[in-house]
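Commentary on secondary and tertiary structure
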Amino acid sequence: MRVVLLCALMGLASLTEAAQMPIAALPGGNVIYKPVQSVRERRFADLVQQKTDFSCGAAALATVLKQAYWLDVDEAHIIEGMLAHSDQDTVKVQGFSMLDMKRYVESIGMRARGYRIPPESLQSVTIPVVVLMDIRGYKHFVVLQRSDKQWVYVGDPVLGHKRYKLDDFVKGWNGIIFAVIGPGYDKANALLAPPEPLTAKTRIDSFYPVDDAQLMEFGFIQSDFF
């Protein structure tokens, strides 16, 4: 019994990273390989993970640029770009701001817009945006992916995919969304369909393709779609 348990634990340990699990397929005894994903990989799927103390803004922005625009950027690349357009002494003390992100986005030929919206309008946000939250006194940038009447789904550079009760999210949010706008936007990007919690018994995917008219409400122009 102990040997069987040990073998099972070793098998689970080997799945900490993405792998191919062999499965015997009957009849014939053939073996097929099914991709598997660790809990950690699922938590950070499609997200750029924060590596330094004050780089949540860079990681959140990198997530949007990589997933929504398919740009080949990472956290380090964004940090370097934002430092070139910011006060480095201020960054060392306070971290990056939305203004720093705006300057960087404009430096690569895209547009950035900040919108102050009421909580009841969160469901109308149909693109992934960066938002600033106050989490127990700690200012932290995350990616707002989508929301419904009960939940707000965010991509957190430190904690991975999370969802908050709408009221809890509003308590920590400053009421502003930061949208990146430009050509090449993927209207079916992965951020719009975040994974449900692993404990969910059922999954109702309310994601649907966003049409051009909805995107133009956030500052896109017709030429961005060609």
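Residues numbered from 1 in each chain as written. Predicted model: local features only at pLDDT ≥ 70, side-chain atom pairs only at ≥ 80, totals over all residues. Heavy atoms only, no water.

Going by what an unreviewed UniProt entry lists, the chain is known as C39 family peptidase and is assigned to Pseudomonas fontis.

Counting secondary structure elements, the chain contains eight helices and eight strands. A buried classification covers 39% of the 226 residues belonging to the chain. (Helix = DSSP H or I, 4+ residues; strand = E, 2+ residues; numbered from the N terminus. Buried < 20%, exposed > 50% of the residue type's maximum accessible area, 1.4 Å probe, protein only.)

Moving on to the pattern of salt bridges. Taken as a whole and assessed by the stated rule, the structure comprises three salt bridges. When the shortest N-O distance is used, the salt bridge between Lys139 and Asp134 registers 3.1 Å. Residue classification places Lys139 among the exposed positions, given a relative accessible area of 52%. By relative accessible area, which is 34% here, Asp134 ends up partly exposed. Between Asp212 and Lys187 there is a salt bridge, with its nearest N and O atoms 2.7 Å apart. Linking Asp212 in helix H8 (residues 212–216) with Lys187 in the loop between strand E8 (173–181) and H8, this pair joins segments that are 25 residues apart in sequence. Overall, the relative accessible area of 25% leaves Asp212 in the partly exposed class. Judged by its relative accessible area of 31%, Lys187 falls in the partly exposed class. (Salt bridge = Lys/Arg side-chain N within 4 Å of Asp/Glu carboxyl O.)

Sheet architecture is open: six strands sit in the order E3-E8-E4-E5-E6-E7, paired in antiparallel fashion. In this open sheet, the two edge strands, each paired with only one partner strand, are strand E3 (111–116) and strand E7 (160–165). Shown here is a sheet whose adjacent strand axes are inclined to one another by a mean of 35°, direction ignored. Judged from the seven bridges that link them, strand E4 (residues 129–135) and strand E5 (residues 138–147) form a sheet pairing that is antiparallel. Opposite Val130, over in E5, you have Val143 as the bridge partner. Sitting on the sheet, helix H3 (residues 56–69) is in contact with E4, E5 and E8, with an inclination near 20° to E5. Here helix H6 (residues 98–107) sits on the sheet in contact with E3, E4, E5 and E8, set at roughly 5° to E8. (Pairing = 2+ DSSP bridges. Axes fitted to C-alpha atoms, helices over the stretch in contact; angles between N-to-C directions. Contact = heavy atoms within 4.5 Å.)

With 54 residues, the main nonpolar core has Leu61, Leu65, Ile78, Val131, Phe169, Phe178 and Val180 as its most contacted residues. For this core, the elements supplying multiple residues, two or more each, are H3, helix H4 (75–83), H6, E4, E5, strand E6 (151–156), helix H7 (166–172) and E8. With ten residues, H3 is the single largest residue contributor to this core. Residues in contact with Ile78, not counting those within four places in the same chain, are Ala58, Leu61, Ala62, Leu65, Val73 and Tyr104. (Core = buried A, V, L, I, M, F, W, Y, C linked by side-chain atoms within 4.5 Å.)

With that settled, the discussion passes to the confidence of the model for the chain. Of all residues in the chain, 75% have pLDDT values of 70 or greater, and the mean over the chain is 81. Counting interchain partners and residues more than four positions distant, the pLDDT-below-50 stretch residues 1–17 has seven contacts. (pLDDT = per-residue confidence, 0-100.)

Orientation of H3 relative to H4, taken along the N-to-C sense of each, is 115°, at an axis distance of 8 Å. By the angle between their directions, the pair H3 and H4 is classed as roughly perpendicular. Here H3 runs over H4; the crossing is right-handed. On the side of H3, the interface is formed by Gly57, Ala58, Ala59, Leu61, Ala62 and Leu65, while H4 contributes Glu75, Ile78, Ile79 and Met82. Partitioning the contact of H3 with H4 into residue classes produces eight nonpolar, one polar and one charged. (Parallel < 35°, antiparallel > 145°, perpendicular 65-115°, else oblique. Left-handed = near helix turned anticlockwise from the far one by under 90°. Nonpolar A, V, L, I, M, F, W, Y, C, P; charged D, E, K, R; others polar.)

Within H6, the full set of buried residues consists of Met98, Asp100, Met101, Tyr104 and Val105. Taken down its axis, H6 places every buried residue within 155° of arc, on the same side. The first or second residue beyond H6 is Gly109, which carries a positive phi of 85°. (Arc of directions from axis to C-beta.)

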